[in-house]
Amino acid sequence: MFNTKKIRQDFPILDQKTNNKPLIYLDSGASSQKPQTVIESMDTYYRQYNANVHRGIYQLSEKASAAYENARKKVARFINASTWRELIFTRNTTESINLVAYSWGLANIKPGDIIITTEMEHHANLVPWQQLAAQTGAMVKYIPITEQGYLDLAKYEAWLSPAVKLVAITQMSNVLGTIPPIKTMIKQAHAVGALVLLDGAQSVPHMPVDVQTLDCDFLAFSGHKMLGPTGIGALWSRKDILSAMPPFMTGGDMIKRVTLEGSTWNSLPWKFEAGTPAIAEAIGFGEAVEYLDGLGMANIRQHEIELTSYALEQLNQVEGLQIYGPQNPQDRGGAIAFTMGDIHPHDIAAVLDGEGIAIRAGHHCAMPLHDKLGLPATTRASFYIYNTAEDVDRLVEGLDKARELLTRD
Amino acid sequence: MFNTKKIRQDFPILDQKTNNKPLIYLDSGASSQKPQTVIESMDTYYRQYNANVHRGIYQLSEKASAAYENARKKVARFINASTWRELIFTRNTTESINLVAYSWGLANIKPGDIIITTEMEHHANLVPWQQLAAQTGAMVKYIPITEQGYLDLAKYEAWLSPAVKLVAITQMSNVLGTIPPIKTMIKQAHAVGALVLLDGAQSVPHMPVDVQTLDCDFLAFSGHKMLGPTGIGALWSRKDILSAMPPFMTGGDMIKRVTLEGSTWNSLPWKFEAGTPAIAEAIGFGEAVEYLDGLGMANIRQHEIELTSYALEQLNQVEGLQIYGPQNPQDRGGAIAFTMGDIHPHDIAAVLDGEGIAIRAGHHCAMPLHDKLGLPATTRASFYIYNTAEDVDRLVEGLDKARELLTRD
Amino acid sequence: MDELYRQNILEHYRNPHNEGTLETYTHSHIEHNPLCGDKVQIDLLVDDQHRIDQVAFSGKGCAISQASTSMLTDMLIGKTVEEAKQIDKEAILDELGIEIGPVRLKCALLSLKAVKMALYGLSEEEWDNEEDDW
Amino acid sequence: MDELYRQNILEHYRNPHNEGTLETYTHSHIEHNPLCGDKVQIDLLVDDQHRIDQVAFSGKGCAISQASTSMLTDMLIGKTVEEAKQIDKEAILDELGIEIGPVRLKCALLSLKAVKMALYGLSEEEWDNEEDDW
Ligand SMILES: Cc1ncc(COP(=O)(O)O)c(C=O)c1O
Ligand SMILES: Cc1ncc(COP(=O)(O)O)c(C=O)c1O
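Residues numbered from 1 in each chain as written. Chains lettered and ligands numbered in written order. Predicted model: local features only at pLDDT ≥ 70, side-chain atom pairs only at ≥ 80, totals over all residues. Heavy atoms only, no water.

**Notes on the sheet that holds strand S16 (residues 360–362) of chain B**
Residues and elements named next belong to chain B. Ordered by their spatial adjacency, 4 strands build an open sheet running S13-S14-S17-S16, and the pairing between neighbours is antiparallel. Because the sheet does not close on itself, it has two edges, and the strands there are strand S13 (321–324) and S16. Here the strands of the sheet are splayed against their neighbours by 35° on average, with no regard to which way each runs. (Pairing = 2+ DSSP bridges. Helix = DSSP H or I, 4+ residues; strand = E, 2+ residues; numbered from the N terminus. Axes fitted to C-alpha atoms, helices over the stretch in contact; angles between N-to-C directions.)

Below you can see the structure in the form of structure tokens.
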């Protein structure tokens, strides 16, 4: 069914050794590896048809423009946008969210308004709202997480009121793995007139996401976490919302007309893309979603449920190891954060690195969540399409080695 | 001396035919082509050490972090910054300028303040200031251009007063080619207490630029116009200015500490780099400046003066052709905008494309300048290190062909 | 490329049909393409039977925009407003008989946009929608 | 990698020297590394001759940070404040005897930063400058 062996052959980086041990890459939650087709699409762009887009009349530029806009269509279709005009290319999830905070936020948020987010957010979906609230006199409320790593939905429901203008929430936690019941939460938010922004940095790479079925209002995600290059991300929103928003950055390509007295803006989506865009990167991003489409997002989700299930099972047996986040693999993605006794996460990651295992240690850009857990840092393994049960076994062996080496008495 | 033949071999794209004619690329002002070393450096990153930067403890990530930060050092040294902490990676010149407008501008510009810019600016160095002025109650004044395509410096000097807080000006016009006497203008601006932002999108790729000697306060430029990849640009400013500025975008990597109550910011330059950066692109940018350094920026400038000189000579002899901008090659860069009778620039570019010549037609993101010239559009040829006198000859032949085909009576 | 400037296009460009303005008209619209500074004015005279009686265009633009406008005016005369509504991108491209890149497409379609805006008040957004494809 | 956890480092990590706090001290500073949540407190007792008489550290951190702190305290005792100022990144790395990546470098130098801030009020920015190289 899901042929990991075959998939791995498409990823040149995986065929290497670190410290003389074959590389086991367990940090896709931070950034995924890239298949051959993605890397080559950018190489080909630079070698054969590199040129600035949109205004060129010569063939290189026409080819580059078509490829850039075609990539937009691919990414828009991938999340089932109703038109490609709703898909704005940004640098990453962080810029997508900042764009909303600056453009939609400053125009719509008033003193006394409430923005609801959660305790488990990545800083990218937290600091911009704190800043917006500070600038506008609004208030941010954080849905607490329960002992089991779920959202306290009773609190959420109790907090919903007409004063709530925005619910900004991750569709999959990058630490706990938690997948909140987004569809219901969106319905509830809409019932009080609030818009909903989804941080899709972790969800879009790992499960089917359909903006029309979800009925969300904004979706932010990053290319580099879903087989695409660095330097490219996306913001999706509905046409009516985007049309009413003022531009974020201004300059070339996002204007229709400029005079010394003022300017009129370009049509969607270009109104939000100022200056020369990340052309090669957009093309690579388009190839990435094509690769994912080829595998099928439902199959990818299924593969990760199975792998996460096996990993939870194995890790739960490791001495002194504690996992944070839901234990039911259906309720979570494949990012598993844990601690092991009082061994520092840095040391665990360093010992694992010695075994060829790439794993992350730290606060994973979610300091408030770690404060809540009472931990300065955790170690996190995260899986993707190229990971196998064998990788989990190697991880467990590595952890045993770390414990042996670093237990103090 | 300047071995164009050898240089051309480093650029894989140049070895191709368009419409069965060898490609003559005369649109480097819009975006330059890339040498082999730049393309390969990114390919290698993705194939061998792709990983997220700054927080990873495993070897891929440490290698990626070192390469990313090393690229910053290369670019910082290239413009002679006094420390790499003053070099912020952005997407492009446009984002660099918007960063200053949002962060420095909103914090420092007050009602009644004056921002001076020029009539020949690219929209990237014009619309952000119009927006800032509209938001703050400040006023934008535009230094006019003379018949010969120079700035009216008498006006500039007359306008300077303590109310002027910022002078934002291009160091090389992308249409007229004009190189203003920046050093003097900076001294004059500083004398009234104004800061100076240089739009270096055209200057940094084509001539030696030393921020310490110039004594400017901000410098914005783009990687893709100087042999680097798309999706990466830079903002340089002095440490004391940057330290006092609030962040622009917020999220991961730009914070020191986040709590539910608020955040503290990271040290320079990371305070201004929110989220996963354009890692591969920064690495490619670093390679690009290394390539330019290898040739020597003074040599590149000399090559372009010679080529521009020859081009002006030849083009001035073409029937019906009118050049806009200074005729003295010492006072200008290698972007030459022109019209030919009443033949529409689009048609000229299209006929040239048929001859394998890539050239730009339009307003080149400088509509106010075109309004001033009384032209809806111009045709523009722009040169770089891989262009030759032969390219100019082919251009002239192509123009003759366009005139024959498209003259109405 | 030369292919772009086929004989039929050059003929319309050199000797455009229906160039000028109408003294008496029922519909008129001026449309700009700011990207290249092109401008076209379309005047239409529609009779009681909703039939287009007279058409004239003025303005300036590149050869492609001039030729396509000239061709479009020929196509319009004698058509009912309903029939004119059916004229789309494909019809113009067929008439031009060439392959065209995205930038020049805007030139080629500028007068069609102007006609639709003049005849039945098509909005900027509706035009975008008509142009959009996946 | 295993190389990181050499015997000397593991020994200091398992049995750190000068762990604890001082009842009487002339200088003290707590320094955090928010990236990994590490925290170190350094207490110093400097005598009339500007000589460091006693040092103690407390806090928590990874093996590298614990070991480097333990080693640093050994290095400090008996040195004058002037001599202590000379201790730099290289001195710590020499003592650790390993190659170290940029993230772990922050762990290895956390206590040195704390000492410098305690002893002569080095600022955050001055520290950045000391660390910076081209
Ligand atoms: C003078 C000038 N400024 C700014 C820009 C904008 O550069 P970018 O599109 O890379 O942001 C350009 C390039 O088009 C330019 O020529
Ligand atoms: C849940 C979540 N949101 C946002 C981000 C930020 O993504 P980026 O760094 O690509 O902007 C990440 C990735 O680190 C994430 O996991």
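**As for the interface of chain A and chain D**
Counting from both sides, the interface comprises 20 residues of chain A and, opposite them, 21 residues of chain D. Overall, the association of chain A and chain D removes approximately 1,600 Å² of surface from exposure, summing both partners, and the carbon and sulfur fraction of that is 52%. When residues of chain A are sorted by the area they lose upon contact with chain D, His346(A), Leu405(A) and Arg408(A) head the list and together hold 36% of the total. Linking chain A to chain D there are 1 salt bridge. When the shortest N-O distance is used, the salt bridge between Arg104(D) and Asp347(A) registers 3.1 Å. Taken together, the links from chain A to chain D amount to 8 residue pairs in polar contact (both at pLDDT 80 or more). (Contact = heavy atoms within 4.5 Å. Buried area = accessible area lost by both parts, 1.4 Å probe. Salt bridge = Lys/Arg side-chain N within 4 Å of Asp/Glu carboxyl O. Polar contact = N/O pair within 3.5 Å; in protein donor to acceptor, adjacent residues only side chain to side chain.)

**Things to note about the arrangement of the chains**
Of all 5 pairs of chains that touch, the greatest number of contacts is found between chains A and B. If you take every C-alpha in chain C and every C-alpha in chain D, the smallest gap between them is 45 Å, and the two do not touch.

**Digging into the relation of the copies chain B and chain A**
When chain B is brought onto chain A, the operation consists of a screw motion whose angular component is 180° and whose axial shift is 0.0 Å, with 0.0 Å RMSD remaining. Such a combination of turn and shift is consistent with a two-fold rotation axis. Looking at the rotation axis and the C-alpha trace of chain B, the residue lying nearest is Gly231(B), at 3.0 Å. A share of 100% of the interface residues of chain B reappears at the interface of chain A, consistent with the copies meeting face to face through the same patch. (Least-squares fit on C-alpha atoms with pLDDT ≥ 70 in both.)

**Thoughts on the domain arrangement of chain A**
All names here are of chain A. Here chain A is described as being made up of domain 1 (4–28 + 297–406) and domain 2 (39–294). Summed over both sides, the interface between domain 1 and domain 2 buries roughly 2,600 Å², with carbon and sulfur atoms accounting for 62% of that surface. Interface area lost by domain 1 to domain 2 is led by Met297, Leu369 and Tyr384, which between them contribute 25%. In this assembly, domain 1 and domain 2 are joined by 1 salt bridge. Notably, a salt bridge pairs Glu119 with Lys372, separated by 2.9 Å at the nearest N-O pair. For the pair domain 1 and domain 2, the number of links is 13 residue pairs in polar contact (both at pLDDT 80 or more). Secondary-structure elements contributing two or more residues to the side of domain 1 that touches domain 2 are helix H12 (297–316), strand S14 (335–340), helix H14 (367–373) and strand S17 (378–382). (Domains from an automatic or database assignment.)

**What about the site of ligand 1?**
Around ligand 1, 15 residues are found, and the nearest of them are Thr276(A), Thr94(B), Asp199(B), Ser222(B) and Lys225(B). Near ligand 1, residues from chains A and B are present, making the site a shared one. A distance of 3.3 Å separates an oxygen atom of ligand 1 from a polar atom in the backbone of Thr93(B). A distance of 2.7 Å separates an oxygen atom of ligand 1 from a polar side-chain atom of Lys225(B). Burial of ligand 1 by the protein amounts to 96% of the accessible area it has alone, namely 390 Å². By residue class, the composition of the shell around ligand 1 is 2 nonpolar, 11 polar and 2 charged. (Near = heavy atom within 4 Å. Areas by Shrake-Rupley, 256 points an atom, 1.4 Å probe, with all protein chains shown as cover. Nonpolar A, V, L, I, M, F, W, Y, C, P; charged D, E, K, R; others polar.)

**Some remarks on the interface of chain B and chain A**
Each partner contributes to the interface: chain B provides 92 residues, whereas chain A provides 92 residues. The contact between chain B and chain A buries some 7,300 Å² in all, and 55% of this surface belongs to carbon and sulfur atoms. Inspection of the region where chain B meets chain A yields 4 salt bridges. Across the salt bridge formed by Arg257(B) and Asp371(A), the nearest N and O atoms sit 3.2 Å from each other. At the boundary of chain B and chain A, one finds 40 residue pairs in polar contact (both at pLDDT 80 or more).

**Side note on helix H2 (residues 36–49) of chain B**
Every α-helical turn comprises 3.6 residues, leaving residues that sit three or four positions apart pointing alike. For H2(B), which comprises 14 residues, the first-to-last C-alpha distance of 19 Å matches the rise-based estimate of 20 Å (1.5 Å per residue) to within 8%. When we look at burial in H2(B), the residues that qualify are Val38(B), Ile39(B), Ser41(B), Met42(B), Asp43(B), Tyr45(B), Tyr46(B) and Tyr49(B). Against helix H2 (36–49) of chain A together with helix H3 (59–78) and helix H11 (279–295) of chain B lie the buried residues of H2(B). (Expected span 1.5 Å × (residues − 1). Buried < 20%, exposed > 50% of the residue type's maximum accessible area, 1.4 Å probe, protein only.)

**Digging into a negative patch on the surface**
All names here are of chain C. A surface patch of negative charge is lined by Asp74, Asp88, Glu90, Asp94 and Glu95. Relative to the helices and strands, Asp94 resides in helix H4 (residues 89–96). Residue Asp94 is classed as exposed on the basis of its relative accessible area, which comes to 62%. (Patch = residues over 30% accessible without salt bridge, like charges linked within 9 Å, V, L, I, M, F, W, Y side chains within 5 Å. Lys, Arg positive; Asp, Glu negative; His and termini not counted. Charge placed at Lys NZ, Arg CZ, Asp CG, Glu CD.)

**Quick look at unusual backbone geometry**
Of the consecutive residues Leu268(A) and Pro269(A), the connecting peptide bond is found in the cis state with omega at 0°. Secondary-structure assignment places Pro269(A) in the loop between strand S12 (263–265) and helix H11 (279–295). Although it is not a glycine, His54(A) sits at a positive phi angle of roughly 80°. As for its position among the elements, His54(A) is in the loop between H2 and helix H3 (59–78). Its identity as a non-glycine residue notwithstanding, Asn18(C) has a phi of 60°, on the positive side. With respect to the element layout, Asn18(C) can be found in the loop between helix H1 (7–14) and strand S1 (27–33). A residue is classified by how much of its surface remains accessible, and Asn18(C), at 25% relative accessible area, is partly exposed.

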